Every structure is written in structure tokens, then in C-alpha cells.
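Listed below, chain by chain, are the residues.
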Amino acid sequence: MAGSDLYTGSLDLIILKSLTFGPMHGYAIGRWIRQTTSEELAVQEGALYPALHRLERKGFLAEEWGMTDTNREAKFYRLTTDGITHLKTELARWHRYARVMTTALSAAPTQG
Amino acid sequence: MKKRFSLDASTDTVLGDVQREIDLHLDLRASEFEALGMKPDEARRAALAAFGDRGEVESEVAVVRTKTIRERRRRDWLAELRQDAVIGIRGLMRAPAFTIVALLTLGIGIGANTAIFSVIRSVLLRPLPYTHPEQLVQVWTDHRAKGRPEPEWLTPPDFIEWRDGNRSFSHLAAYQGWGPDITSGGDPEALTGAAVSGTMLAMLDVKPVLGRLLNASDDDPGMEQVVVLSHGLWQRRFGSDSTIIGKPLTLSGTSWTVVGVLPASFRAPMSFAPELYRALRRPVNETCGRGCYILQVIGRLKAGTTLAMAHADLTRIATQQAIDFPATNAKIGVWLVPLHEQLTGKSRSALLALSGAVAFVLLIGCVNLANLLLVRGAARTRELGVRAALGAGRGRMIRQLLTENLILAFLGGVLGIALGFAGSRVMAAMVPESIRLVQDIRMDGQVLLFAAGVTLLGMALFGVLPALQAVRPNLMGALRSGTRQTERRGGALRSGLVVAQLSLAVVLLVGAGLLLRSFVELQRVDLGYRTSGISFAGVGFPRARYADVARVSLALEDLLARLRNTPAIRSVEITDVPPLSGGDQDISVFPLGEAQRADLPPSIWARSVTPGYIRQMGVRLVAGRQLSDEDRRGGVRVALINEEAARRYFPGTSAVGRILATGTDSASPQYTIVGVVASVRHNGPNQPYRVEIFRPIAQTSARGIVLVIESAQSEAATRTALRQVLHDVDPLLPVPELEPIDRRLGEAVALPRLYTMLVAGFAIAALLLAVLGVYGVMAYSVSQRQREIGVRLALGAAPSNILGMVLGHGGRLAALGLGVGLVAALMLGQLIRTMLFGVTVFDAPTFIVVPVILGTMALVASWLPARRAMRVDPLVAIRAD
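All values derive from a computational prediction rather than experimental measurement. Note on numbering: residues in each chain are counted from 1, in written sequence order. Starting at A for chains and at 1 for ligands, labels are handed out in the order in which the entities are written. Per-residue local features of the predicted model are confined to residues with pLDDT of at least 70, and side-chain atom pairs are confined, for both listing and counting, to 80 or more; whole-chain, interface and lining totals are unaffected and use all residues. Computation of side-chain values: all heavy atoms of the structure, hydrogens and water removed.

## Description of the overall build of chain A
- The numbering of helices and of strands both runs from the N terminus, where a helix is a DSSP run of H or I of at least 4 residues and a strand a run of E of at least 2. Counting secondary structure elements, chain A contains four helices and three strands.
- Reading chain A from its N terminus to its C terminus gives the helix and strand order α-β-α-α-β-β-α.
- The proportion of buried residues among the 112 residues of chain A is 42%.
- When checking whether two residues touch, look at their non-hydrogen atoms; a contact exists if any pair is within 4.5 Å. Sequence separation of at least 24 residues holds for 47% of the intrachain contacts in chain A that already meet a minimum separation of 6.
- Reported accessibility uses the Shrake-Rupley method at a 1.4 Å probe radius. Residues are deemed covered only where the shown protein chains occlude them. As displayed, chain A has an accessible area near 6,800 Å², and 55% of this comes from carbon and sulfur atoms. Buried, partly exposed and exposed residues are distinguished by accessible area as a fraction of the type maximum, computed with a 1.4 Å probe on protein chains only: under 20%, between the cut-offs, and over 50%, respectively.

## Digging into the packing of aromatic side chains
- The pairing test for Phe, Tyr and Trp rings, Trp by its six-membered ring, is centres within 6.5 Å, and the orientation test on the planes gives stacked under 30 degrees, edge-to-face over 60, and tilted for anything in between. For the structure shown, the criterion picks out nine aromatic pairs over all chains.
- Relative to B:Phe51, the ring of A:Tyr49 has its centre 6.0 Å away and its plane inclined at 40°; by these criteria the two rings are tilted. You can see A:Tyr49 sitting in helix 3 (residues 48-57) and its partner B:Phe51 sitting in helix 2 (residues 40-51), one on each of two chains.
- The buried category is assigned to A:Tyr49, whose relative accessible area is 2%.
- Residue classification places B:Phe51 among the buried positions, given a relative accessible area of 1%.
- Consider the rings of B:Tyr130 and B:Phe266, whose centres lie 6.5 Å apart with planes at 65°: the pair is edge-to-face. Linking B:Tyr130 in the loop between helix 4 (96-125) and strand 1 (136-142) with B:Phe266 in the loop between strand 9 (254-261) and strand 10 (276-279), this pair joins segments that are 136 residues apart in sequence.
- By way of ring pairs, the aromatic residues B:Tyr130, B:Phe266 and B:Tyr277 are connected into one cluster.
- Both a distance and an angle decide whether a charge sits over a ring: NZ of Lys or CZ of Arg must be within 6 Å of the ring centre and within 35 degrees of the ring normal. Sitting above the plane of the B:Trp178 ring, B:Arg278 keeps its charged end 5.0 Å from the centroid.

## As for the sheet that holds strand 2 (residues 61-67) of chain A
Residue and element names in this part refer to chain A.
- We treat two strands as partners when DSSP finds at least two bridges between them. In spatial order, the strands read 1-3-2; together these three strands make up an open sheet with antiparallel pairing. Edge positions in the open sheet fall to strand 1 (24-25) and strand 2, since each of these has one partner strand only.
- Two elements, strand 2 and strand 3 (residues 73-79), share seven bridges in a ladder whose sense is antiparallel. Within the sheet, the bridge partner assigned to Trp 65 lies in strand 3 and is Lys 75.
- As a rule, the C-alpha atoms of each element are fitted with a line to give its axis, helices using only the stretch in contact, and angles between N-to-C directions run from 0 to 180 degrees. The strands touched by helix 3 within the sheet are strand 2 and strand 3, with strand 2 carrying the most contacts at an inclination of about 120°.

## As for empty space enclosed by the protein
Residues and elements named next belong to chain B.
- Detection works on a 1 Å grid of protein atoms alone, calling trapped sets that fit a 1.4 Å probe cavities and calling open sets with protein on both sides within 12 Å along at least five of seven lines pockets, with lining residues defined by an atom within 4 Å of a point. Grid points are joined across faces, edges and corners, and a volume is the space filled by probe spheres set on the points. Taken as a whole and assessed by the stated rule, the structure comprises four cavities of 30 Å³ or more.
- Each pocket or cavity is described by its volume, and for the second largest cavity that value is around 80 Å³.
- Considering the residues around the second largest cavity, the lining is formed by ten residues, among which Leu 373, Gly 377, Arg 380, Leu 401 and Asn 405 are closest to the centre.
- Going through the elements one at a time, helix 12 (347-379), helix 14 (394-428) and helix 16 (445-470) are the ones with two or more residues in the lining of the second largest cavity.
- Under the scheme applied, nonpolar residues are Ala, Val, Leu, Ile, Met, Phe, Trp, Tyr, Cys and Pro; charged residues are Asp, Glu, Lys and Arg; polar residues are all the others, including Gly. For the lining of the second largest cavity, the class distribution of residues is five nonpolar, two polar and three charged.

## Digging into unusual backbone geometry
- The backbone of A:Asn71 shows a phi angle near 65°, a positive value even though the residue is not glycine.
- Topologically, A:Asn71 is positioned in the loop between strand 2 and strand 3.
- Residue B:His132 is not a glycine yet carries a positive backbone phi of 40°.
- Looking at where B:His132 falls in the secondary structure, it is placed in the loop between helix 4 and strand 1.

## Focus on the pattern of salt bridges
- Should a side-chain nitrogen of Lys or Arg be within 4 Å of a carboxyl oxygen of Asp or Glu, the pair is scored as a salt bridge. Taken as a whole and assessed by the stated rule, the structure comprises 51 salt bridges over all chains.
- A salt bridge links B:Asp17 to B:Arg20, with the shortest nitrogen-to-oxygen separation between them at 3.6 Å. Taken together, the residues B:Asp17 and B:Arg20, both in helix 1 (residues 11-35) and three residues apart, mark about one turn of the helix.
- Looking at B:Arg20, the relative accessible area reads 33%, which means it is partly exposed.
- Notably, a salt bridge pairs B:Arg163 with B:Asp164, separated by 3.0 Å at the nearest N-O pair.
- The network of salt bridges with common partners includes A:Glu56, A:Glu63, A:Glu73, A:Lys75, B:Asp17, B:Arg20, B:Glu21 and B:Arg65.

## Comments concerning helix 3 (residues 54-94) of chain B
- With 41 residues, helix 3 of chain B extends 59 Å between its outermost C-alpha atoms, agreeing within 8% with the 60 Å of an ideal straight helix rising 1.5 Å per residue.
- Nitrogen and oxygen atoms within 3.5 Å of one another constitute a polar contact, given that in protein one can donate a hydrogen and the other can accept it, and given that sequence-neighbouring residues count only through two side-chain atoms. In this structure B:Asp53 caps helix 3 of chain B, since a side-chain oxygen of it lies 3.1 Å from the backbone nitrogen of B:Gly55. Given a helix with a known number of residues, its expected span is that number minus one, times 1.5 Å.

## Describing the pairing of strand 9 of chain B
Residues and elements named next belong to chain B.
- Counting buried residues in strand 9 gives six out of eight residues, a clear majority hidden from the surface.
- Where strand 6 (residues 210-211) meets strand 9, two bridges bridge the pair, whose relative direction is antiparallel. Counted as the bridge partner of Leu 210 is Val 261 from strand 9.
- Bridging between strand 8 (residues 248-251) and strand 9 involves four bridges; their strand directions are antiparallel. When the bridges of strand 9 are listed, Pro 248 appears paired with Thr 257.

Dropping the structure here:
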């Protein structure tokens, strides 16, 4: 995604993670990401929506129209069973990947 | 409050959805900035900046979302389809009688249509099995200016001049029948062969499986005599001998060399199936001159040349010939027929008429099914009402009913295709020999596609209307009131369908009636000669061993004397052209001294016969005397002519004692007419009388003759005797088949008989289906009107009034159907005009009998329900429901 320093797939992973706390509308998901990452990820907020709809298309999310706390109509997203399963596999993969990359990147250079 | 996932994938809706979502995001984000102390417009700008390019996001989301919606819709649709199918199959299994009737109706209807179409496809639609078949043309001479309506063959000089002078054809090839007997390697056998221009096989672009084809140099009389074998003869007589090339054969007493074998797939574009081919050398040495029409010609047009251009080109040559040789070529033109049309011949209109008839049967069957489904739909009104109440949408319910019908249609289609395969074989028999020799009648992809199309069409006809009717918007009303008030409209629809059915049945019945009457007329025709108890057997005396015609005469006398001494044979005579043979020969004659008379027939059909032939065939002698054994070679040439010839050549006077001459010089044969015989229909019952002459065979030079044998014992004994006698006369003569005349006659009327039987069968099926339709509607209407009838009876109506009311209803339907049907039949009758014989399209008996039959059947069909209506118990009827 242009203008983002996210690795491929990591935005999807964060979105799925955010929804483990219950259904949320798009703005709330964005706010959660900003807060939990201390706004360190430079992501255009708009990039969230294509990602949400792609996840929905894959069947990992379902949508429902509902009311916000301030009584405005909003589209709420929630994890589907498929979404939960997918999140579990992706998390395991991410952890392994992060561990391998960390090990590799922190190795001391061999003197030649 | 919560909406289900929208299935509306229109761009507006999708985009609106996305915009609302983003609007909310921006509003909330702006309030967040405001809470941090920004002014509203500043907060708004900050929110937009944090969001990024709104337009890009919106369009990206819209694309994804549209795809999502489409996928889900497809998935839901499939899931519903599966559900519908399960419900449908259950529903069909719950009503086995309905299902079986429906499947049989569809299966037979589709099967019959498919079978007929397989013939139409093979005969009319599939191209001929040659390279660029559209370039192939049958070339005839046109004698219509001389009063001969049929196209005629070519003379050798015509052929050579047309072949060498034209600019339109890449090839022009002639052929004629050739009947050699083979005496080498096995029993003597008569073969069916063709003498063809050396270039003919190459013109048809056939590739030999062994050796070579004939070529132009084989036409040179100085070349070795060679033959090319058909695959069939090579297998049958020579056991597929792969070393046959170069081997000699003895054909009709001379030696020939095999140079090639044709592939099994090759079919000659001729009205007979040659087993072997030799080069046609005759036209080159011109032993036969102008006025001697012995060649059939096929040409291949040059690429880009039209039939009209070729016609003009050949006409240019023919016109010059007419100037150069007025005695023989005046008033003779060119007649070109595309080869496909030539071979398809007259079967076209018959096939189209049959396919129309069979389509009608399917249509009537479908209407019956539609009616059945309407009744079923009405019976299920409550069920559907309940489902509607439980939230099933109208479209959803229509789809469910359609699925059920689709299952029926699919199963019916499968059954129909299976029946079509079987029927296709039967149908192949009705195709004229000339096309069957060239094209196999078989099923192919297009026929299957057609069957599928018919199935879908049938399904649309019988399935859609009832489904729509069953799911009317006022189902809720139906739920409350049962079936009573919703009946009226369904009743009208059903009545309309029954009228349509009856009309279609009337058209078919009229068609069948006309064909049946034609067939009876055809059978009633007196041919004028005996049509049972005699058989024909052909014998040929090859030129190589019987060079002198006197030798042929001696052999014939020997043969006759021996056969007449055989107890198995009561009588035997000889003709060179048997009746009903199709083959014929004609000669030009004129009364002596009247060569220029304008009203003379163009030629006279000639037979060479033994003196007893006329008597044996039961042909009446009208004037003069019979031929006799005293009329011998070298004596005065005598002949009999028929009444038709006597009338045309010697109008108003007696023909006996007069002379017919074949030319003006003294060398041309002249025939003294010694007697006149009755005119007979030698070529079949649907042929007019022709002018005919009978000459004593002892005075002519016929080499190929036909024995006319009346057996005294069994056919087997006769055959044995014939074999023995032929062997004694000449052991090299092939033993012919014995062909009874009734079989020949049967073949002559086989085609009309088959058409008649088929159409009559279709018409009976149509009648039964239509009458069933009437019965169904009347019975249903009576059962629906029980309460009304009960009230009428309670108020004092007599049962006979009720009977009259119901019969009146049925009568009105029948009258309407008859009216429409008779008008349609009058219009469509033109289509089968060429198939009729002895009756016109406006045949009064047919147009009287059909309404009587249909009216009676319709009344019976209404009477049964009417009787039940009469017996309605008012109390029970009113209390019911």
C-alpha cells in the first residue's frame, strides 16, 4: 500500500486482531490501531477500508448495520468463524517469522 | 433495524454505502481533533489529511465490494437451487402418476422430434461428403421447349462439346451405369458398376487406399482396360487382398487390371452404388451420336463461378449446337441443379411436413403438461400460501416451481434423446435411396443440440406459465379462502390451452386424412397389368462372348425352351425393361411421311419382348393381333403400340397397319404396327400414361434381358430350376435374384405408405392428447364448481340442465378449437400438396369426417364429467369446504 511502512499482510492481521475484542465500525478499528501502536505506524487512515472489504470478501469478516454510542448509523464488522481460524494461523506464522527475522538480523557479522 | 447483506450490486448503491461509511469516519475523526482543541473547519481538514485520497479509497472499496456481492449472490443462488432441486424431486416422487405421464409425454415428444431432425440434419443440412461440395453441380439437358417436363441426360457429342467449350467448370465428368459380370475367382456374379470419365474420381477428391484412381489417360481407347474397386467389393469378393493391384479380372468375358481400391468412406454421388469403376471411353470414339442421351454429367464449378454464370456459359454452347445441328439439338437447353438438391430430391417437402407434424404433437403434449401443472398448482395453492406467509418471496417461489419443471424437462429430455436414437434408425428407412447412398442418417452434435433446444422450449412452454399462474400476488387471499375464488382466471387459461390443443390436433388430423385418402387413391389405381404371381430375374449376355446379336437370340431361345420344359415354371416370357423398374429407354419415331408434324410426342418408350409377354402380364389387346413367333430377325419389323401412342401418333384413325419410322433414310428401321394394346402404368400408380411401343425381341438387339417367370411350385424350387437351366445354357452366366412383382410394387408405394403411417400415428397421438386435455379441464371444472352445482340443484335445477351446462361448456371449447384448426389446416395444407395424390387440399370428405371425429370425442370427454356433475348431492356439496 502506497505511503505505508507496513509489511504485506500486517494490516490485515492487525484488523483481525482488533476485532477479537468484539464487533467494531471502521473508525473504531482505526482508532484502536492508532492507540495500540502509539501512532508509530504511518498509515493513511483511508487504507483501512479497502483492507476491511477485502477481508470481508474472503469471508473472514461479516458486516451489520447498527448504531454507534452517539446514535449514528454505522457499519459494524465482526470476525466470522473462518476469520478466527485464519487469525490463529496467521498469528502463529507471524510469531515464527518475527523470531526468525530477529535472530537473523541480530547475528553479529563474521570478520573476513 | 439490521439490514441483511444487500444483494443489490448496482454501482450507485455500493458507492452510497461506502460513502456513508467514510462520512462517519471523517465526522468522528474530526470530533476527535476538536476535542484536542482545534476549530471545526481545522479539525475537518486534519481528518481529511489523515484519511488520504478519499476518491481513490472509495473506488477501490467499491470494486472489491461489487465483486463480493456478485460472489455471494451466485453462492446463494446455487444453494437455493440445490434446495429447490431436493424439494422438486421429493414433490415429483410424491406424485408418481403425474410424473410418469409427464415424462412419457415429454420423452416421446422430444424423441420423435429428435429422430425426425436427425434425418433432416443428415439429408437437408449436412454438406455432401466431398471437398467443396457447394461447387458440385448435376448437369442436364433441358427439353421443356419440346414438351418434356423432366431434365434429360446428355449425348456424347453434347458432353464433349460442353466439356471442351465451357469456361465455368474446372471439371465436367460423365458417367453411366455398367453391369459387368465377373467370372474369375469364384462363382460368376453380376456386378453393379459405373463407367466414368477418367477425371471423375479426382474431381470428387477421393484418395485411394491402394493403388491409384482412374485418370484422364484411361479414357484413351488404346490404353489397357483398368478398374478401380470399391472398398466393399474389395472386402467381399477379394478378402481385402492387399496385393490385388495389378492383378487381372475377367469382366464380361474380357480381361481387366485392378489399379486401385477406394476408401470405405467414399460414396458415389449417383442414384446407385457402384462396386467398381472403369473409364468411360465411349464419348471419345463417338459410337453413339447426337440424339443418343446416354450420359449423366456432374461438374465442379470454378471458384467464384455462380450457377447462373455457368448456365449462361453452357447455354452459349447449346445455342450454337442448335444452329449447327437443328435436326437433333433444336430447342434443347441447359438445366443445372446443385448436386445437393439433386440427391435430396423431393424428400425436402415431405421431411419438412413431417417435422411440422411431430412438432405439433410435442406442442400438444406440452400444453397437456401445462394443464396438468395448472391443476397441480391450484391444488397446491394452500401449500404455497403457507410458504408465502413464512416469508418466501414471490420470485423465490416461482423459481422453486420452475426448478421442479426443469427437473421434469431434463429427465424428459434424456428419455427423449434415448428414444430419438432408436427412432433415428427407423426414420433412416424413409429417406430415398439416392441420398442414403451418399449420406448416413446418424445422430451428431447438432442433433443433440437440437434435442436440448427442444427440451428447453418444451420446458418454457409447459413450465413457465403454470409457475407464474400458481404464484399470483393474492396468495394470502388464497390461504384464507381455499381454492374457490382464485379459480376463475385459471379456468380461462386452461380453456384457452385446450382450444389451442384442439386446433393443433385438427390440423394434424386433416393432414393425416388427406394423406390417408391419397394413399387409398394410390392403392385403388388400376395399373393395367397383373401385380402378383410373377417374378423377375435379370440376365446379361456379355459382348465379349456374344459378339453377334444372332448368338444372343439363339441363347435366349435355348434358355426359354429349357425353362418352359421345367415343371417348377408355369410360364416364362422376356422383356428388356420390366414394369416398375424406373429404368427406361426411348426412341424417336414418326408416322411414315409425317416427320415434320408438330404435335408428335418427342419420343416413344420402347420395350423388346417375347410374343407371349403381353398376354402373360394381363395387358389387354385392343386392336389388331399379338406379336408372334413368326416375327423373326430379317423379316418385316413389326410392333405393338399402346392406346396412348395410337391416339397421339394416329389421331382419329386406326393405327393397325400403319408404319412408324425412326428416320427419313431407307436404312432407318421402320415398324409396321400390327396391334394396339391398352395403356398401362408401367412406372407406378402415381405416373401418367405414356406413349409406348413393344417390339419382338427376336428383331432387336437387347443384350440385357429380364425373365418374367410365373412359378408352378415354390419360390425355392423355381430358383433351383433357374440356376440349373442357366448353368446348362452357359456356366459363366451369373445366377440372378428372383424378384416378385408385389415386392416391387410395395417399394413403389413404400414411401407414401410410410409418410401416411407416420402422420396418421402423430395425428392419433395428437387426438388422444387433445381429448385427454378436454377431459382434464372439464373434470376439474366440475369438481371446482361442485358447490355452485349443488346450489343450482337445491334451487330446483333439473339434473338435465346441469348436464346441458357442462356439455355446453365442452361443446363451446370443441367448436372454437375446430374453427381455428380448420382454418389453419386450410392454410397449412398447401405445404403437403406435393405429397397428395388424387385428392385436393380442399378434400370435402376429410373436412367433414375430421370435425365429426373430434366433436364426438370431445363430447364423450365432456360427458363423463357432466354425468358426475348431475349426481352431485346438493347437501354434501354446499356443506363441503
